[in-house]
Every structure is written in structure tokens, then in C-alpha cells.
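Descriptive structure summary
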Amino acid sequence: MPKALTRFVVLVALGSTSFFGTAERVRAQTYPIDCAILLCLSGGWPASASCSRARAEFIRRITPWPVEPPLQIWRCPMRASHDINGTGKDGGRIFDILFDRPRHPLLQTITVAPSQEVGLSSTSVFPAERVETGDRSNEFSIMLGQNRADIDISGPEFNFVRSIRVFDVRNARQYEAGSEGDCERSAVVVLGTYGVQGDFSWQRSSIGTLPKDHVGLERWGDNCPSIRHRSVFVEWRDYEGKYGYEQVNY
């Protein structure tokens with residue numbers, strides 16, 4: 001495991017002790033909730049008051065309405081220094097990953113309009129222009145858009161971010177209609193995913209893409225039992241690949 005990522009995971013393992021502190025300290029400090037979500041998710045949601053709070057916010061965001069990205073990594077300043085103890089003496093960065101990674105262009109997920117396509121898929125990955133300054137904290141500055149991580153997270157150590165998928169079953173209905181008893185089916189399903197740098201996007205999906213742990217549509221397409229269903233299902237894997245999910249029916 002890379003040295004910097006080891007420090008990243010250790011912070012998660014600290015749970016409610018030296019990193020997150022008591023509930024009172026969490027309220028007192030200006031620690032962004034999305035940093036807590038990022039850390040706790042990577043560590044498999046360790047048992048602590050702060051990780052419980054982070055997970056509750058993660059689930060609240062996918063609870064209608066509206067359905068939001070459960071992790072908003074662009075709200076977590078990973079290049080910023082945080083004073084953990086409130087003493088002003090720590091001076092360390094919560095995320096040291098930037099400074100241990102090799103120099104390379106930042107990869108970004110960019111949607112290409114049909115009129116601009118030149119033998120490319122609608123979504124392609126391009127290297128972004130790098131800002132060359134004496135300050136290495138700007139080395140991987142993002143130049144082409146907002147709502148993504150402020151450091152390069154294209155490496156495999158951040159696959160847990162890209163593992164998050166949100167299935168929004170906005171409407172699924174199956175019923176018999178007409179004198180012949182014809183089976184009518186209609187469904188609107190959208191899938192939310194994360195790109196190379198933690199950018200979030202929605203795309204059309206279908207009932208057939210729902211994970212096996214989704215509950216409520218098991219008899220879809222089986223003869224014609226009456227079904228009316230709406231739900232949001234989010235799944236993820238932590239840093240070690242352990243699977244987790246939550247479903248909210250509405």
C-alpha cells in the first residue's frame with residue numbers, strides 16, 4: 001500500500017478517538033462532512049459517532065426528494081491543512097496523497113457534444129493542463145470544470161469512490177389492462193455514477209441493471225402480477241473491496 005494511502009486509512013481507523021473526537025468536538029470544528037464520508041466509506045464505515053453521522057448524511061442525500069450525489073467529494077478540500085486538535089500545532093495535512101504521487105497529467109471525464117465528436121465516445125478521458133508553479137499543491141489543479149476532487153484521484157487507491165452507484169427507480173409499474181388482460185409495463189430508472197476525478201453524472205438505465213440485492217421488483221416480467229414501485233438503491237465497495245448497500249423505498 002502506498003505510504004500516503006496508509007496514512008489516509010489510518011485516519012479512518014482512529015474512528016472516534018484522536019481524529020474525529022467526541023460529538024461535541026465535531027460540532028465545534030469546521031470539518032467538512034464530505035471528508036468524513038470519504039474517510040469512513042473507505043474504511044468500511046467503522047463504528048464511531050462521527051462515522052455514524054457521516055453515513056446518515058450519505059443515506060439522507062439519496063432519500064427523495066431531491067436525490068443527490070451521496071458523496072460530494074468536491075466539498076472536501078483534500079489539499080487543505082486541517083487543525084485536528086484545535087491547538088494550531090498540528091500543521092499536518094489530512095490528505096498527504098498529492099505529495100507522494102508521481103508527476104503526471106490529471107485525467108478528467110469530459111462529455112463531448114455530438115457536434116464535437118470525432119471518432120470518440122460520448123464520454124472520454126483527456127489529460128488536463130497542469131499548472132506549473134513552485135507550489136506543488138497546485139501541481140494537479142483542475143482546470144476544466146468544477147464538482148470534482150481537488151487532487152488527482154485517478155489511481156486505484158481511490159476505486160472505492162468510483163464504486164459508488166446510485167439507482168433511482170423513479171417509477172416502475174406492471175399491471176393487466178384491457179378486456180384481453182394485456183400486461184402493461186412502464187419504468188423510469190436512472191443510474192448515477194462517479195467519473196475518474198469524482199465527478200458525478202446521471203444516465204438512463206433499466207430494471208435489468210438493478211443489483212441482485214435490490215428488493216421490490218423480483219416478479220417484474222413474471223406473468224403479470226400487479227406492481228407499483230419507487231426506490232433509490234446505493235451500492236459501494238470500501239478500500240478493501242467489501243460490498244455494501246442501502247435501499248430507500250418511497
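Model, not experiment: these values are computed from the prediction. Just so you know, the residues in each chain are numbered from 1, in the order the chain's sequence is written. Given that this is a predicted model, residues contribute local features only at a pLDDT of at least 70 and side-chain atom pairs are listed and counted only at 80 or more, while totals for whole chains, interfaces and linings are drawn from all residues. Each side-chain value is worked out from all heavy atoms of the structure, with water and hydrogens disregarded.

**What about the overall build of the protein chain?**
The cut-off we apply is this: Runs of E in the DSSP output that reach at least two residues are strands. Runs of H or I that reach at least four are helices, and both are numbered from the N terminus. For each residue, the accessible area found with a 1.4 Å probe, counting protein chains only, is set against the maximum for its type, and the residue is called buried under 20%, exposed over 50%, and partly exposed in between. Contact criterion: two residues are considered in contact whenever any of their non-hydrogen atoms come within 4.5 Å of each other. Note on areas: Shrake-Rupley with a 1.4 Å probe; residue coverage comes only from the protein chains shown.
When helices and strands are counted, the protein chain shows six helices and seven strands. Ordered by position in the sequence, the α and β elements of the protein chain form the string α-α-α-α-α-β-β-α-β-β-β-β-β. Across the 250 residues in the protein chain, those meeting the buried criterion constitute 42%. By sequence separation, contacts in the protein chain at least 24 residues apart represent 60% of the contacts at least 6 residues apart. A total accessible area of about 13000 Å² is found for the protein chain, and carbon and sulfur atoms account for 50% of it.

**Structural notes on the confidence of the model for the protein chain**
Spelled out, the test is: Along the chain, pLDDT gives the predictor's confidence residue by residue, from 0 to 100.
Residues with a pLDDT of 70 or more make up 61% of the protein chain, whose mean pLDDT is 73. Throughout residues 81–145 the model reports pLDDT below 50, and contacts reaching past four residues in sequence, or to other chains, amount to 124 contacts.

**Observations concerning the pattern of salt bridges**
The line we're drawing: We define a salt bridge as a side-chain nitrogen of Lys or Arg found within 4 Å of a carboxyl oxygen belonging to Asp or Glu.
Going through the model one piece at a time under the given rule, you end up with nine salt bridges. Notably, a salt bridge pairs R60 with E68, separated by 3.5 Å at the nearest N-O pair. Accessibility expressed as a relative area gives 42% for R60, which makes it partly exposed. Close ionic contact of D213 with K212 constitutes a salt bridge, the shortest N to O distance being 3.7 Å. Exposure remark for K212: the relative accessible area of 76% places this residue in the exposed category. In this structure, a network of salt bridges that share partners links the residues D34, E57, R60, R61 and E68.

**Points about the environment of P225**
Structurally, P225 can be placed in the loop between β5 (200–204) and β6 (227–237). When the C-alpha atoms of P225 and E176 are compared, they prove to be 7.9 Å apart, with 49 residues separating the residues in sequence. Apart from residues lying up to four places away in sequence, P225 is in contact with Q174 and R219.

**Thoughts on helix α4 (residues 49–61)**
Which entries qualify depends on this criterion: In this analysis, the expected span of each helix is defined as 1.5 Å times one less than the number of residues it contains.
Between its first and last C-alpha atoms α4 spans 19 Å; for 13 residues at 1.5 Å apiece the expected length is 18 Å, and the two agree. All buried positions along α4 are accounted for by S50, C51, A54, E57, F58, I59 and R61.

**Section: a negative patch on the surface**
Cut-off, in case you're wondering: The patch calculation keeps residues exceeding 30% relative accessible area without a salt bridge and links them within 9 Å when they carry like charges or within 5 Å when they are nonpolar (Val, Leu, Ile, Met, Phe, Trp, Tyr). Positive charge is attributed to Lys and Arg, negative charge to Asp and Glu, and no charge count is given to His or to the chain ends. We put the charge of a Lys on NZ, of an Arg on CZ, of an Asp on CG and of a Glu on CD.
Judged by side-chain charge, E176, E180, D182 and E184 come together as a negatively charged surface patch. Here D182 lies in strand β4 (residues 182–194).

**What about the state of the cysteines?**
Just so we agree on the cut-off: In what follows, a disulfide is any cysteine sulfur pair within 2.5 Å.
Tallying each qualifying case throughout the model produces three disulfides. Here C35 pairs with C76 through a disulfide, and the sulfurs are 2.1 Å apart. Looking along the S-S bond of the C35-C76 disulfide, the torsion reads about 110°, which is the right-handed sense. Of this pair, C35 sits in helix α3 (residues 33–42) while C76 sits in the loop between α4 and α5 (97–100), placing them 41 residues apart in sequence. Assessed through its relative accessible area of 0%, C35 is described here as buried. Residue class for C76 comes out buried when judged on its relative accessible area of 1%. Residue pairing for C183: its cysteine sulfur links by disulfide to C224, the two sulfurs lying 2.1 Å apart. Here C183 and C224 share a disulfide; its torsion about the S-S bond, 85°, makes the bridge right-handed.

**Focus on the side chain of D34**
Stated formally: Pairs of N or O atoms are called polar contacts if they sit within 3.5 Å, as long as, within protein, a hydrogen donor faces a hydrogen acceptor (for residues adjacent in sequence, only side-chain-to-side-chain pairs).
Note that D34 resides in helix α3. Of the polar contacts made by the side chain of D34, one reaches the side chain of R61; its length is 2.6 Å. If we skip the residues at most four places from it in the chain, D34 touches R61, P70, L71, Q72, R75 and C76.

**Considerations on the sheet that holds β5**
Selection criterion: In this scheme, strands are said to pair when DSSP sees at least two bridges between them. Under this scheme, a helix contributes an axis fitted over its contacting stretch, all axes are lines through C-alpha atoms, and angles between N-to-C directions fall in the 0 to 180 degree range.
Read from one edge to the other, the open sheet built from five strands follows the order β5-β4-β3-β6-β7, with strand pairing classed as antiparallel. Looking at strand neighbours, the two that pair on one side only are β5 and β7 (243–249), the edges of this open sheet. Averaged over all pairs of adjacent strands, the angle between their axes in this sheet comes to 20°, without regard to strand direction. Relative to β5, β4 runs antiparallel, the two sharing five bridges. Looking at the pairing, V190 lines up with R204 of β5.

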